[in-house]
Amino acid sequence: MIELTMAEVEDQIRGCKLCDLSRTRTNAVPGEGSRSAEIMFIGEAPGFHEDRNGEPFVGAAGKFLNEMLESIDLDRSSVYITNVVKCRPPGNRDPLPDEIAACSTYIDRQIELINPKVVVTLGRFSMSRWFPKERISRIHGRPQRFGDITVVPMYHPAAALHQGSLRATIEADMKKLPQIVAQMQAEEDEREDPDSEQMRLF
Ligand code: SF4
């Protein structure tokens, strides 16, 4: 899949039959947003409204995500939003390991193409891609570097709808993102600045 463009990846997802979720979905949900986004949000799987519309995060959890983006002066068009699994599991059950594995080729390529500075994992299924043995309650909001990408694990916005006490936690984690992106940018600028390199040499 390495040579596919984003449009080709999205087309493949819409017609994909690699796992059994293709039998029960209404629409596959490839993702949406800026293809040069600095921040990429990766949730779990489409729900009822996403399956109907073919767009990610359009239900109540999506509304809350939009509000949090506004709180840090971002909107959906400036970030990229997708899910680990692109088709709705029946009854909103958890995605199964073989479904996540079958779908992983798409998220791999989407990350390569967008090449974001920061990946925000929303919920435990996307978190476990980078932190397979961790608990979200322990590491949420704590950025960690993986090569050129910084990954920030966060609770899924739907968690705040089910458990009101998490709302302030998710909002606080979201407010850390501008500073994390700025730090990544500063490091990139320093790497590209020959004077800065020279200073390090002396
Ligand atoms: S969930 Fe992923 S692998 Fe399964 S059918 Fe949908 S796009 Fe294909």
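Our structure's up above, just so we're on the same page.
The model shown is predicted, which means the values in this text are computed figures rather than measured ones.

Extensive coverage of strand β4 (residues 118-122) is indicated by the burial of five of its five residues. Along β4, one buried face is formed by V118, V120 and L122 and the opposite face, lined by V119 and T121, is buried too. Alignment of strand β2 (residues 39-43) against β4, held across four bridges, turns out to be parallel. The partner of I42 across the bridge, within β4, is T121. Of the strand pairs in this sheet, β4 and strand β6 (residues 149-154) are connected by five bridges, and their pairing is parallel. Its bridge partner lying in β6, L122 is registered against M154.

Attention now moves to the site of the ligand. Taken together, 14 residues lie near the ligand, and C16, L18, C19, C87 and C103 sit nearest. Sorting the residues of the shell around the ligand by element identifies α2 (21-24) and α5 (97-114) as the ones contributing at least two each. Ranked by residues supplied to the shell around the ligand, first place goes to α5 with three residues. Taken together, the residues of the shell around the ligand break down into ten nonpolar, one polar and three charged.

Below, the discussion takes up the nonpolar core. In terms of nonpolar packing, the biggest core is built from 43 residues, with I39, M40, F41, V79, V84 and V120 touching the most fellow members. In terms of residues, this core owes the most to one element, α5, which gives six residues.

Here the phi dihedral of F57 falls at roughly 50°; this positive angle occurs in a residue that is not glycine. If you trace the backbone, F57 turns up in the loop between α3 (48-53) and α4 (60-71). Its identity is not glycine, yet N92 carries a phi of approximately 60°, on the positive side. Turning to its location among the elements, N92 is positioned in the loop between β3 (80-83) and α5.

Here we take up the sheet that holds strand β5 (residues 144-146). Pairing within the open sheet is mixed, and its six strands lie in the order β1-β3-β2-β4-β6-β5. Every interior strand has two partners, whereas the edge strands, β1 (32-33) and β5, have only one. Taken together, the two bridges between β1 and β3 define a ladder with antiparallel strand orientation. Residue pairing across strands places G33 opposite Y80, the latter belonging to β3.

End to end, α4 covers 17 Å across twelve residues, agreeing with the expected 16 Å (1.5 Å per residue, within 8%). Those residues of α4 that sit buried are A61, G62, L65, M68 and L69. In a view along the axis of α4, the buried residues occupy a sector of 120°, so they form one face of it. For α4, the exposed residues set more than 90 degrees away from the buried face come down to E67, E70 and S71. Residues of α4 that are buried sit in contact with α8 (157-162) and α9 (167-175).

Bringing the environment of D11 into the picture now. Checked against the element boundaries, D11 lands in helix α1 (residues 6-14). With 13 C-beta atoms counted inside 10 Å, the residue D11 sits in the partly exposed group. For the pair formed by D11 and P56, sequence separation is 45 residues and the distance between their alpha carbons is 16 Å.

Interhelical geometry of α1 versus α5 gives an angle of 160° and a closest axis separation of 10 Å. Viewed along their axes, α1 and α5 adopt a mutual orientation that is roughly antiparallel. For α1 against α5, the interelement crossing comes out left-handed. Residues M6, V9 and I13 of α1 form the contact with α5, whose participating residues are Y106, R109, Q110 and L113.

Criteria and cut-off values
Residues numbered from 1 in each chain as written. Predicted model: local features only at pLDDT ≥ 70, side-chain atom pairs only at ≥ 80, totals over all residues. Buried ≥ 20, exposed ≤ 12 C-beta atoms within 10 Å, placed from the backbone. Helix = DSSP H or I, 4+ residues; strand = E, 2+ residues; numbered from the N terminus. Pairing = 2+ DSSP bridges. Near = placed C-beta within 6 Å. Nonpolar A, V, L, I, M, F, W, Y, C, P; charged D, E, K, R; others polar. Core = buried A, V, L, I, M, F, W, Y, C linked by C-beta atoms within 7 Å. Expected span 1.5 Å × (residues − 1). Arc of directions from axis to C-beta. Contact = placed C-beta atoms within 7 Å. Axes fitted to C-alpha atoms, helices over the stretch in contact; angles between N-to-C directions. Parallel < 35°, antiparallel > 145°, perpendicular 65-115°, else oblique. Left-handed = near helix turned anticlockwise from the far one by under 90°.

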